[in-house]
Amino acid sequence: MEQFTPKQIVKELDRYIIGQDAAKKAVAIALRNRYRRSQLPQALRDEITPKNIIMQGPTGVGKTEIARRLAKIVNAPFVKVEATKFTEVGYVGRDVESMVRDLVEVSVRMVRDERSHAVEATARPAVLAQLTKVVAPHRKSAYPDLGEKELFDAVAKEIASGSLDDLKVEISLPEKTKSQQLPGGMEINIMDMMGGLLPKRNKVKKVTVAQAYRALMELECEKLIDPDALNAEAIRRAENEGIIFIDEMDKIAAKGNTSGPDVSREGVQRDILPIVEGCTVNTKYGPIKTDYILFIAAGAFHIAAVSDLIPELQGRFPIGVKLDSLTAKDFVRILTEPDNAILMQYTELLKVDNVSLKFTDAAIAKLAAVAEAENENSENIGARRLHTIMETLLDDISFNAGNVDQMVEVIVDEEYVLSHLDKTIRTLNLHKYIL
């Protein structure tokens, strides 16, 4: 994290998200403050908690993407939840503590992947030895003159080179036991609880050599990793680096009503409050403190306002950021500029079927103008509107592609856009005259 200054974080976010500079700036500062906190003496570090952020803006303008990309930049545990999925304590449904348990699960997976990668070189000889014993009988006919040791050496080289990846073999692997869901979202695994009292059951599976290699590598790496140290590191990382993104926050804001379903909505807010404020949540990997987790809440807030949340919860999100609706100029940039630009995605997809798409500037400008008009005249769904328009525009090309052996160039100009989006444009023109 130390190599990223707030300006560098914003620059990284600019590679994927157009506009929304205020939101990018807010999350970049929050992220850098985590690094600054980590450099302070322990006594002072305990006193400094993250300043949580609440984002307001219509759907499709980049709220979720900003938080998701932020977590990727620093390789931090990240989980996205919808506030509408939770129910008040006492009602049937997911309790709010499950978001913290989900974060720990993500953190455990991250740490396990890192540590498995670190011990792969150590585990590789044992994996190759096991797999060679399984594969050697299938390759005996290919090396009839070799002794057992020479045959094993030859097969081991073939496995290592990847030339036998598609060969099907039968291998005995431990059967994975399913966890049982308890009320409140907690999970238990009976086999784990029994420890080593019950023998693990194996199941013979028919898989490719590549699949068998991965399965055996996973088992060998597991033997070399200390589970207690793994869990402790995962808990530490979730506590100090975790990011929880709570979407649809506006849907649990009760607009001054105290009866009907709004009672339950306010109950969910009250349940979220101690999590955001800082408490200890028990997970199957150990207790985790939520005091230093960064919470980013988001919602459209069309009907309800941030001020309709209970005051205590408002106070736990001191940084409020408004995201702007997207304009035609933004749509042009979204289509062409990001590393994952929409036009680039469709161009690469159709290139697989030997169709080379070329878009003229006039066509791109027209697509952007249609997207802006559609959002103004119907529901404003932000950048997601571009996917709807692109699918309609390229419907015929996508359907007919795949029947040619040589690369065919297709130029999409303004005339092509007008003819293929004719129905959409006529509907938009009609809206001008409807009062």
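Refer to the structure printed above.
The rules behind the values
- Residues numbered from 1 in each chain as written.
- Predicted model: local features only at pLDDT ≥ 70, side-chain atom pairs only at ≥ 80, totals over all residues.
- Heavy atoms only, no water.
- Core = buried A, V, L, I, M, F, W, Y, C linked by side-chain atoms within 4.5 Å.
- Buried < 20%, exposed > 50% of the residue type's maximum accessible area, 1.4 Å probe, protein only.
- Helix = DSSP H or I, 4+ residues; strand = E, 2+ residues; numbered from the N terminus.
- Contact = heavy atoms within 4.5 Å.
- Pairing = 2+ DSSP bridges.
- Axes fitted to C-alpha atoms, helices over the stretch in contact; angles between N-to-C directions.
- Parallel < 35°, antiparallel > 145°, perpendicular 65-115°, else oblique.
- Left-handed = near helix turned anticlockwise from the far one by under 90°.
- Nonpolar A, V, L, I, M, F, W, Y, C, P; charged D, E, K, R; others polar.
- Phe/Tyr/Trp six-rings, centres within 6.5 Å; stacked < 30°, edge-to-face > 60°.
- Lys NZ or Arg CZ within 6 Å of the ring centre and 35° of its normal.
- Salt bridge = Lys/Arg side-chain N within 4 Å of Asp/Glu carboxyl O.

Trainee: Summarise the nonpolar core; cite the residues concerned and give the values.
Mentor: Counting residues in each nonpolar core, the largest one holds 60 residues, and the members touching the most others are Met99, Ile244, Ile246, Met249, Ile272 and Phe295. Considering each element in turn, this core owes the most residues, 13 residues, to helix H5 (residues 98-139). Excluding anything up to four places from it in sequence, Met249 contacts Ala83, Ala297, Ala298, Gly299, Phe301, Leu309, Leu313 and Phe317.

Trainee: Kindly report on the sheet that holds strand S2 (residues 78-82), identifying the contributing residues and their values.
Mentor: The strand order across the open sheet formed by five strands is S2-S7-S10-S1-S11, and the pairing between neighbours is parallel. Strand pairing shows two members of the sheet lacking a second neighbour, S2 and strand S11 (319-322), which therefore form its edges. Neighbour to neighbour, the strand axes of the sheet diverge by 20° on average, direction disregarded. Taken together, the four bridges between strand S1 (residues 53-56) and strand S10 (residues 294-299) define a ladder with parallel strand orientation. Bridge pairing in S10 places Met55 opposite Ala298. Taken strand by strand, helix H4 (residues 63-74) contacts S1, S2, strand S7 (243-247) and S10, and its axis lies near 170° from that of S7. Of the strands in this sheet, S2, S7 and S10 are in contact with H5, which crosses S2 at around 150°.

Trainee: Account for the packing of helix H1 (residues 6-14) against H4, with residues named and values stated.
Mentor: The geometry of H1 relative to H4 is characterised by a closest axis approach of 10 Å and an angle of 120° between their N-to-C directions. By the criterion of interaxial angle, the relationship of H1 to H4 is oblique. Along this stretch, H1 crosses H4, giving a crossing that reads as right-handed. For the pair H1 and H4, the contacting residues are Ile9, Glu12 and Leu13 in the first and Ile66, Arg69, Leu70 and Ile73 in the second. Split into classes, the residues belonging to the contact of H1 with H4 amount to five nonpolar, no polar and two charged.

Trainee: Which residues make up the packing of aromatic side chains, and what values go with them?
Mentor: Under the defined criterion, the tally for this structure stands at zero aromatic pairs. When the ring centre of Tyr292 is taken as reference, the NZ or CZ atom of Arg37 above it lies at 4.0 Å.

Trainee: Quick one: what's the story with the packing of H1 against helix H2 (residues 21-38), residue by residue and with numbers?
Mentor: Close contact between H1 and H2 brings their axes to 8 Å; oriented N to C, the two are set at 135°. Classed by the angle they form, the pair H1 and H2 counts as oblique. In the packing of H1 onto H2, the handedness of the crossing is right-handed. Where H1 abuts H2, its residues Pro6, Ile9, Val10, Leu13 and Asp14 lie against Lys24, Lys25, Val27, Ala28, Leu31, Arg32 and Arg36. Taken together, the residues that form the contact of H1 with H2 break down as seven nonpolar, no polar and five charged.

Trainee: So, the pattern of salt bridges: which residues are in play, and what are the values?
Mentor: This structure, assessed with the given rule, holds 25 salt bridges. Salt-bridge contacts for Arg236 lead to Glu233; the nearest nitrogen and oxygen are separated by 3.0 Å. Of this pair, Arg236 and Glu233 both sit in helix H9 (residues 227-241), three residues apart, which is roughly one turn of that helix. Judged by its relative accessible area of 35%, Arg236 falls in the partly exposed class. Taken together, the shared-partner salt bridges in this structure form one network comprising Glu114, Glu233, Arg236, Arg237 and Glu241.

Trainee: I'd like a description of the pairing of S10, backed by residues and values.
Mentor: Across the six residues of S10, six count as buried, placing the element largely inside the fold. On S10, burial covers both faces: Leu294, Ile296 and Ala298 on one face and Phe295, Ala297 and Gly299 on the other are all buried. Alignment of S7 against S10, held across four bridges, turns out to be parallel. Residue Phe245 lies in a different strand from S10, and its bridge partner there is Ile296.

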